[in-house]
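Take a look at the letters that make up each chain.
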Amino acid sequence: MTAAAGPLAEGDRTTVRVGAVAHGGHCVARVDGQVVFVRHALPDEVVTVEITEVHRGFLRGDAVAVLEPAPERVTPPCRYAGPDRCGGCDLQHVGVAGQLAWKESVVREQLLRLGGLSAAEVDALGVQVRALPGGPLGWRTRVRYAVDAADRAGLLKHRSHEVVPVDRCLIAHPAIQQLPVLPPAGGRWPGVDAVEVVASATGDVVVTALPGPTDDARVTDAADAQLTQVAAGRRFEVPTTAFWQVHPAAADTLVDAVLELLDPAPGESAWDLYSGAGLFAAAIAGRTGPTGRITLVESAGPGVAAARRNLADLAQVEVVAARVEHALTRRRITGPVDLVVLDPPRAGAGARVVTAIAAAARRAVAYVACDPAALARDVRTFRELGWTLAQLRGYDCFPMTQHVECVALFIPPGPTS
Ligand SMILES: C[S@@+](CC[C@H](N)C(=O)[O-])C[C@H]1O[C@@H](n2cnc3c(N)ncnc32)[C@H](O)[C@@H]1O
């Protein structure tokens, strides 16, 4: 269905029946043989699409009117969500159950397309994305506001540097929503590119102006600021410049998943790669006990310092300050090791790191992933090396957005395989 004649151009509108969900926060539609990635739509809806970008081989567009809505469609709770407004959320128009189904379909598609699994193998995994406690709003404990030419803080449009004026972000933690950062209460932020606000799960807050200082009394020196986080039955003092899970329930949820999948036993050895402040190592150490050995590898200075400080009471733990790929290939850490947990950034671990882990790990590997496409590429490498993807669980650590966290369990080839 199309109302336009000839190739579509930016700003054109056309009517389409929307196809399947694709990775990236959009659905796929076809107009006269051209692929259009449509935001703010749901599969099987009939919508009016406005073309926002034209590329060789595909177009991008926004659903600006919905002619036949899907049953999962809801009115976005946030008035800034939608085409040509704030780009922070992708799925405000989708009900909670629909968001979980959306993310399951993305994970399945990545395993099929990039992971090299057959449909039967993906079905056998029974991929499910589980909601975290707390509902879809008020979960984001780290928010970076952009500052516009008039020195007001706001949020960015999708794929744009344009700052959208907002007076509230509904997915931000309540302690962040209450702060006077956004207009009208927030006033102006002269000489600042961005304002980052980080909250602990318990509601303590640090506000940092980026990149440079201003004379505003609310600005905290990011180098010194740290928050107390509680997870895995411990307290962690974490600088706001170091990584910490953004959803207040994510740290405990992911720790539970990793412990359940790896099932560490007393005396076992383990690596926590891309360890941040040492969340998973602390939890594993609780199971492997004083006779186990745990090695963490982390490359960011604040993360290394936090891990050393927070795990100082655990004599069986060593923190290696290095990039994981260097630590493995330059033999700063060497196998064999019983268990590995890795939690790489969005790009994934990559074939070299996966190959080194597969050569060193004896019993099991738990892979925590924030991008299912990168995970799927690494799944392919593990499988090419004879390893089995035994379980894969999804967690909705980022409600209202397209993002999904996965935890995968890999087991090595057995003596007979
Ligand atoms: C997704 S975070 C996970 C942190 C930790 N597992 C947690 O849950 O709190 C990824 C971490 O990897 C670190 N990192 C990124 N690239 C790295 C690399 N090449 N080698 C080692 N660490 C890296 C980042 O600084 C960050 O702390």
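Just above sits the structure.
Residue numbers restart at each chain and count upward from 1, following the sequence in its written direction. It should be noted that, the model being predicted, local features are given only for residues of pLDDT at least 70 and side-chain atom pairs only at 80 or more, the latter also being counted only at that level, while totals for whole chains, interfaces and linings use all residues. Values shown for side chains rest on all heavy atoms present in the structure; no hydrogens or waters enter the calculation.

Enquirer: Provide a residue-level description of the overall build of the protein, including the pertinent values.
Expert: A count of helical and extended segments in the protein gives nine helices and 21 strands. Only C-alpha atoms enter the radius of gyration, while the globule expectation follows 2.2 Å times N to the 0.38, with N the number of residues. Taken against the 2.2 N^0.38 rule, which gives 22 Å for 417 residues, the C-alpha radius of gyration of the protein at 23 Å falls within 12% of a compact globule. Dimensions of the protein, computed from C-alpha atoms along their principal axes, come out at roughly 70 × 60 × 35 Å. A 1.4 Å probe rolled over the protein chains alone gives each residue an accessible area, and that area as a share of the maximum for its type sets the label: buried under 20%, exposed over 50%, partly exposed in between. Of all 417 residues assigned to the protein, the portion counted as buried reaches 54%. Numbering of helices and strands runs from the N terminus, with a helix taken as a DSSP run of H or I at least four residues long and a strand as a DSSP run of E at least two residues long.

Enquirer: Residues and numbers for the pattern of salt bridges, please.
Expert: A pairing counts as a salt bridge when a side-chain nitrogen of Lys or Arg comes within 4 Å of a carboxyl oxygen of Asp or Glu. Overall, the coordinates contain 24 salt bridges when judged by the stated rule. Its salt-bridge partner being Arg-108, residue Asp-123 comes within 2.9 Å of it at the nearest N-O pair. Residue Asp-123 is located in helix α2 (residues 119-125), and its partner Arg-108 is located in helix α1 (residues 96-113); the two are separated by 15 residues in the primary sequence. A relative accessible area of 47% means that Asp-123 is categorised as partly exposed. When its relative accessible area of 28% is taken as the criterion, Arg-108 is described as partly exposed. The residue Lys-157 makes a salt bridge to Glu-162 at a minimum N-O spacing of 3.1 Å. Exposure remark for Lys-157: the relative accessible area of 15% places this residue in the buried category. Beyond isolated ion pairs, a larger network of salt bridges with shared partners links Arg-17, Asp-44 and Glu-68.

Enquirer: Can you break down the packing of helix α4 (residues 250-262) against helix α5 (residues 279-288) residue by residue, with the values?
Expert: Helix packing for two helices is described by the angle between their axes and how far apart those axes are. For the pair α4 and α5, the least separation of the axes is 10 Å and the interaxial angle reads 45°. Judged by the angle between their axes, α4 and α5 are oblique. Judged by the sense of rotation from one axis to the other, the crossing of α4 with α5 is right-handed. Where α4 abuts α5, its residues Ala-251, Leu-254, Val-255, Val-258, Leu-259 and Leu-262 lie against Leu-279, Phe-280, Ala-283, Ile-284 and Arg-287. Each residue belonging to the contact of α4 with α5 can be placed in one class, and the counts come to ten nonpolar, no polar and one charged. What counts as an axis is a line fitted to C-alpha atoms, over the stretch in contact for a helix, and the angles between N-to-C directions run from 0 to 180 degrees. Oblique is the label for every angle not falling under 35 degrees (roughly parallel), over 145 degrees (roughly antiparallel), or within 65 to 115 degrees (roughly perpendicular). Rotating anticlockwise by less than a right angle from the far helix to the near helix defines a left-handed crossing, while the corresponding clockwise rotation defines a right-handed one. The contact definition used throughout considers only heavy atoms, calling two residues in contact when any of these lie within 4.5 Å. Ten residue types, Ala, Val, Leu, Ile, Met, Phe, Trp, Tyr, Cys and Pro, are classed as nonpolar, four, Asp, Glu, Lys and Arg, as charged, and the remainder, Gly among them, as polar.

Enquirer: Describe in detail the sheet that holds strand β2 (residues 21-22), supporting the description with residues and values.
Expert: Backbone hydrogen bonds are what pair the strands of a sheet, in a parallel or an antiparallel way. In short, DSSP must find at least two bridges between two strands for them to pair. Pairing is mixed across the open sheet formed by six strands, whose spatial order is β1-β5-β6-β4-β3-β2. The outermost strands of the open sheet, each flanked by one partner alone, are β1 (13-17) and β2. Here nine bridges tie strand β5 (residues 46-55) to strand β6 (residues 58-68), and the two strands are oriented antiparallel to one another. When the sheet's bridge partners are listed, Val-47 is paired in β6 with Val-66.

Enquirer: I'd love a proper account of the pairing of strand β11 (residues 194-199), names of residues and values included.
Expert: The buried fraction of β11 amounts to six of the six residues, a majority that puts the element mostly inside the structure. The side-chain alternation of β11 yields two buried faces, one formed by Ala-194, Glu-196 and Val-198 and the other by Val-195, Val-197 and Ala-199. Note: strand β8 (residues 142-147) against β11, five bridges, orientation antiparallel. When the bridges of β11 are listed, Tyr-145 appears paired with Val-195. Pairing of β11 with strand β12 (residues 205-210), which is carried by six bridges, proceeds in the antiparallel orientation. In the strand pairing of β12, Ala-194 is matched with Leu-210.

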